[in-house]
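Summary of the model geometry
Spelled out from the first residue to the last, the chains are:
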Amino acid sequence: MDFYDILFWILSVMAVGCALGVVLSRNPIHSVIFLILTFFAISGHYLIMNAQFLAIVNIIVYAGAIMVLFLYILMLMNLNADAEPQKGLLVQIAGILSGGTLFLVLLAATKSAHNEEINKVSTNVGLITNLGKLLFTKYVLPFEISSVLFLTAMIGAIVIGKKEPQLKNGEEHIA
Amino acid sequence: MNFDAFILMKSEMSLTLIIFFLLILKVWDGIKDNTALLHVVNFLLLINLITGFFGNTDGSLFSGMFHTNNTIYLEKNILKLGMFIISLQSFDWLKNHKHLLEFYILMLCTLLGMDFMISSNNFLMFFLGLELSSIPLAALANFDLEKRKSSESALKMILSSAFASAIMLFGISILYGVTGTLDFTEMAPLLTTSQLSILAFLFVFAGFAFKLSSVPFHLWTADVYEGAPVSVTSYLSVISKGSIVFIFITILFQLFKSYDTIWVNVLNISLLLSITIGNLFAMRQENIKRFLAFSSIAQMGYILLALTNGTQTGESAAIFFLLVYTFSNLGAFGVVALLSAETGKETISDMKGFYVNNKFASWVMAICLFSLAGIPPTAGFFAKMFLVTAGAEKGNYTVISIAVLNMVVSLYYYLRIIKAIFIDKPDTPLAKLNGSMMMKISFVICISGAIIMGFASNLFEYINTITGK
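As for the overall build of chain A
Secondary structure summary: chain A contains 7 helices and 0 strands in total. Put simply, chain A runs from its N terminus to its C terminus through helices and strands in the order α-α-α-α-α-α-α. Residues counted as buried form 24% of the 175 residues belonging to chain A. Partitioning the contacts of chain A with sequence separation of at least 6, the portion at a separation of at least 24 is 56%. On chain A, roughly 12,500 Å² of surface is accessible, and the fraction owed to carbon and sulfur atoms is 73%.

Spelled out as structure tokens, the structure:
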């Protein structure tokens, strides 16, 4: 059991434990903080696999930007135990049954899959130079198209967000 | 320097050029007159449609990320034709709309995404195309900015579509983990019948079924269709679903070829539920858009029936059906768009006595609904017949008989609207609706399509030859 193995186990326990914490904790703020911890653990896994760029981006984008957004939304929505909608018993049982079945199926499928030994350290794909080269050679088309996706997201957000009274014959429409 | 990329990607290139042109027009803000702008956009879309018919060569670009052949060109042309018709039909609605250019920019971006999705030969490209074709649509669903229902439908759409994308992405990531590649041609021989890959296939299938709104993944459809502006609803039900069917055919028939016994069973369950539930719920709808939503769920069931064939026959039947469906469904939506733009009414009882003052629009609605129901002189009959015969080749007669019996049920609800239009006599019939010239042109295109396609048998043969490859 070398250093990497020990690190792997520590990170894995941390990732799974924190992920359980996200689901199980009653307080949504705690959930978000557990989720941030999960992302850190996963970033650690990326580092073990020699993918530094991915690890950093994962922390900046997910743990940094998106989770802060989540926290803001939670604070704005002012969630607490009283405001939580109570689900009926039937819905709860159905949820447990379907979720549990999916979990069992996933577990069985993963167990039956044969796992190949991957070489942990030799791969250099995650290094930023290789990633850059791939992005501008093999994956240049997806890379460019994602910019169109962001453009549309911005245009859509601006149009929806900037609501003003319309010029058209709106009165009949509202009815 | 070679120009291969420009020739093979001409459809995408011309769309991108139009998008850039519209962006510059928006920033420049020089033309204040919406009618003039609409004419410019419609002209550009017409050119875009015409370019699709010339200089089509097969080829592959960007190390297999993008590939194209005659079938794909045809599929793109069907989508472009639908886009053009919808653009003509939105004239009345858009001529007073403040965000006219944004509407077209977003809509053309989704079309660009669909083009890339159909041409993709790689899960990464496919997924990007899928997202590009669904995220802007949620924004478009909100374009009736002052209506609450519109916002509600946009929110429902983006949340449920994100959930479906996540499930599909989970499936794709498992497939990547199992095979180590994202390329369709490389992945196909590596797929084994291990439980993990079959589970992954089911996740991918669930994502598709959601986008096709086939039962049991249909729950978002009616609400989204009802709230969205009519143009966006027709776009969702024809263009968006059409593009998904096209890529679904490629993925099922080529990538998951080795799983055909599995997906035929899954398809059979899903199609029977879609046809039956779609029909039963369509009967009791009062709102025409909700009605058309459930009718489109049932129609998707029939397309899935052709896909169970698993060969080229099923593929060409599905493509031909979608071409006919484009004409007939867009014609029906066009009449709803006219009614909605002029009066703001969208229910079946509002259409009572529609025939008294609107003879032409009533006939358009009648012919298109006959075509959707599959009544003989119209193209819909032949299209449905091809679908059912393609499905019957597998010899699964229980499924076929239930599907055909459901066609009889569907006649009831299609005729219910026709009865309201032609026979019911209200106290005050609707006044004459003065649709624009553009709307009338779109009606002429739709009914001539819905009739002529039925007689143009060489068209089906052409589709059959190019899908053969």
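Looking at the overall build of chain B
Broken down by element type, chain B carries 21 helices and 2 strands. If you line up chain B on its principal axes, its C-alpha atoms span 65 × 60 × 45 Å. Residue burial in chain B is summarised as follows: out of 469 residues, 62% are buried. Within chain B, contacts between residues separated by at least 24 positions form 82% of all contacts whose residues are at least 6 apart in sequence. Roughly 16,500 Å² of accessible area belongs to chain B as shown, and the carbon and sulfur atoms make up 69% of that amount. Here chain B contributes 28 positive and 27 negative side-chain charges, whose respective centroids are spaced 8 Å apart.

Re the packing of aromatic side chains
Residue and element names in this part refer to chain B. Counting across every chain of the model gives 33 aromatic pairs over all chains. Taken together, a centroid distance of 5.3 Å and an interplanar angle of 40 degrees make the contact between Phe170 and Phe203 tilted. You can see Phe170 sitting in helix α8 (residues 148-179) and its partner Phe203 sitting in helix α10 (residues 195-212), a full 33 residues away along the chain. By relative accessible area, which is 37% here, Phe170 ends up partly exposed. Among the residues examined, Phe203 registers a relative accessible area of 12% and is labelled buried. Between Phe291 and Tyr413, the ring centres sit 5.5 Å apart and the planes meet at 80 degrees, which makes this aromatic pair edge-to-face. Residue Phe291 is located in helix α14 (residues 288-307), and its partner Tyr413 is located in helix α19 (residues 397-422); the two are separated by 122 residues in the primary sequence. Judged on exposure class, the residue Phe291 and its partner Tyr413 are both buried. Every member of this aromatic cluster is reached through a ring pair, and the members are Phe123, Phe126, Phe184, Phe201, Phe205, Phe208, Phe248, Phe256 and Tyr259.

Some words on unusual backbone geometry
Residues and elements named next belong to chain B. In this structure, the amide linkage connecting Val215 to the following residue, Pro216, adopts the cis form with an omega of 0 degrees. When you line up the elements, Pro216 lands in the loop between α10 and α11 (221-227). Phi is positive for Ser213, close to 45 degrees, though the residue is something other than glycine. As for its position among the elements, Ser213 is in the loop between α10 and α11. Ser213 gets classed as buried once you look at its relative accessible area, which sits at 0%.

Description of the environment of Lys425 of chain B
Here Lys425 of chain B is to be found in the loop between α19 and α20 (437-455). With 56 residues separating them along the chain, Lys425 of chain B and Leu369 of chain B place their C-alpha atoms 20 Å apart.

As for the nonpolar core
Core analysis: the largest hydrophobic core is formed by 188 residues, its most contacted members being Tyr104, Phe123 and Phe126 of chain B. Top element by residues in this core is helix α15 (residues 312-343) of chain B. It accounts for 18 residues. Setting aside anything within four residues of it in sequence, one finds Phe126 of chain B in contact with Met117, Ser120, Met168, Ile172, Phe184, Phe208, Ile247 and Ile251 of chain B. Core analysis: the second largest hydrophobic core is formed by 7 residues, Val32, Ala63, Met67 and Leu74 of chain A among them.

Section: the pattern of salt bridges
Residue and element names in this part refer to chain B. Enumeration over the complete set of coordinates arrives at 11 salt bridges over all chains. For Asp424, the salt bridge goes to Lys419, with nearest N and O atoms at 3.4 Å. Judged by relative accessible area, which is 18%, Asp424 ranks as buried. In this structure, a network of salt bridges that share partners links the residues Lys149, Glu152, Lys156, Asp223, Glu226 and Arg290.

Some thoughts on the packing of helix α7 (residues 123-141) of chain B against α8 of chain B
Axis angle and axis distance: for two packed helices, these are the angle between their axes and the distance between the axes, and together they describe the pair. Residue and element names in this part refer to chain B. Following both chains from N to C, one finds α7 and α8 inclined at 170 degrees, their axes separated by 8 Å at the closest point. In this view, α7 runs roughly antiparallel relative to α8, as classed from their interaxial angle. Residues Phe123, Phe126, Phe127, Leu130, Glu131, Ser134, Ile135, Leu137, Ala138 and Ala141 of α7 form the contact with α8, whose own contacting residues are Ser150, Ser153, Ala154, Met157, Ile158, Ser161, Ser165, Met168, Leu169, Ile172 and Leu175. Split by residue class, the contact of α7 with α8 holds 15 nonpolar, 5 polar and 1 charged.

A look at the domain arrangement of chain A
One can read the domain layout of chain A as domain 1 (1-78) and domain 2 (127-162). For domain 1 of chain A and domain 2 of chain A, the distance between their C-alpha centres works out to 24 Å.

Looking at the interface of chain A and chain B
Counting residues at the interface gives 32 residues for chain A and 40 residues for chain B. Summing the contributions of chain A and of chain B, the shared interface buries around 3,300 Å²; its carbon and sulfur component is 74%. Taken together, chain A and chain B are joined by 0 salt bridges. Taken together, chain A and chain B are joined by 0 residue pairs in polar contact (both at pLDDT 80 or more). Only α4 (89-112), α6 (140-161) and α7 (170-174) of chain A provide two or more residues apiece to the side of chain A that touches chain B. Tallying contributions element by element places α6 of chain A first for the side of chain A that touches chain B, with 13 residues. Looking at side-chain class alone, the side of chain A that touches chain B contains 19 nonpolar, 8 polar and 5 charged residues.

A few points about helix α6 (residues 100-119) of chain B
In this model, α6 of chain B (20 residues) spans 29 Å end to end at C-alpha, consistent with the 28 Å of a helix rising 1.5 Å per residue. In terms of burial, α6 of chain B is largely enclosed, as 20 of its 20 residues are buried.

Some words on the side chain of Glu12 of chain B
Residue and element names in this part refer to chain B. Take Glu12: it is sitting in helix α2 (residues 10-28). A polar atom in the side chain of Glu12 sits 2.7 Å from the side chain of Lys76. The contacts of Glu12, once residues within four sequence positions are left out, are Phe66, Lys76, Leu112, Asp115, Phe116 and Ser119.

As for the side chain of Lys76 of chain B
Along the chain, Lys76 of chain B falls in helix α4 (residues 70-89). What Lys76 of chain B contacts, discounting residues up to four positions off in sequence, is Ser11, Glu12, Phe66, Thr68, Asp115 and Ser119 of chain B.

Basis of the calculations
- Residues numbered from 1 in each chain as written.
- Chains lettered and ligands numbered in written order.
- Predicted model: local features only at pLDDT ≥ 70, side-chain atom pairs only at ≥ 80, totals over all residues.
- Heavy atoms only, no water.
- Helix = DSSP H or I, 4+ residues; strand = E, 2+ residues; numbered from the N terminus.
- Buried < 20%, exposed > 50% of the residue type's maximum accessible area, 1.4 Å probe, protein only.
- Contact = heavy atoms within 4.5 Å.
- Areas by Shrake-Rupley, 256 points an atom, 1.4 Å probe, with all protein chains shown as cover.
- Lys, Arg positive; Asp, Glu negative; His and termini not counted.
- Charge placed at Lys NZ, Arg CZ, Asp CG, Glu CD.
- Phe/Tyr/Trp six-rings, centres within 6.5 Å; stacked < 30°, edge-to-face > 60°.
- Core = buried A, V, L, I, M, F, W, Y, C linked by side-chain atoms within 4.5 Å.
- Salt bridge = Lys/Arg side-chain N within 4 Å of Asp/Glu carboxyl O.
- Axes fitted to C-alpha atoms, helices over the stretch in contact; angles between N-to-C directions.
- Parallel < 35°, antiparallel > 145°, perpendicular 65-115°, else oblique.
- Nonpolar A, V, L, I, M, F, W, Y, C, P; charged D, E, K, R; others polar.
- Domains from an automatic or database assignment.
- Buried area = accessible area lost by both parts, 1.4 Å probe.
- Polar contact = N/O pair within 3.5 Å; in protein donor to acceptor, adjacent residues only side chain to side chain.
- Expected span 1.5 Å × (residues − 1).

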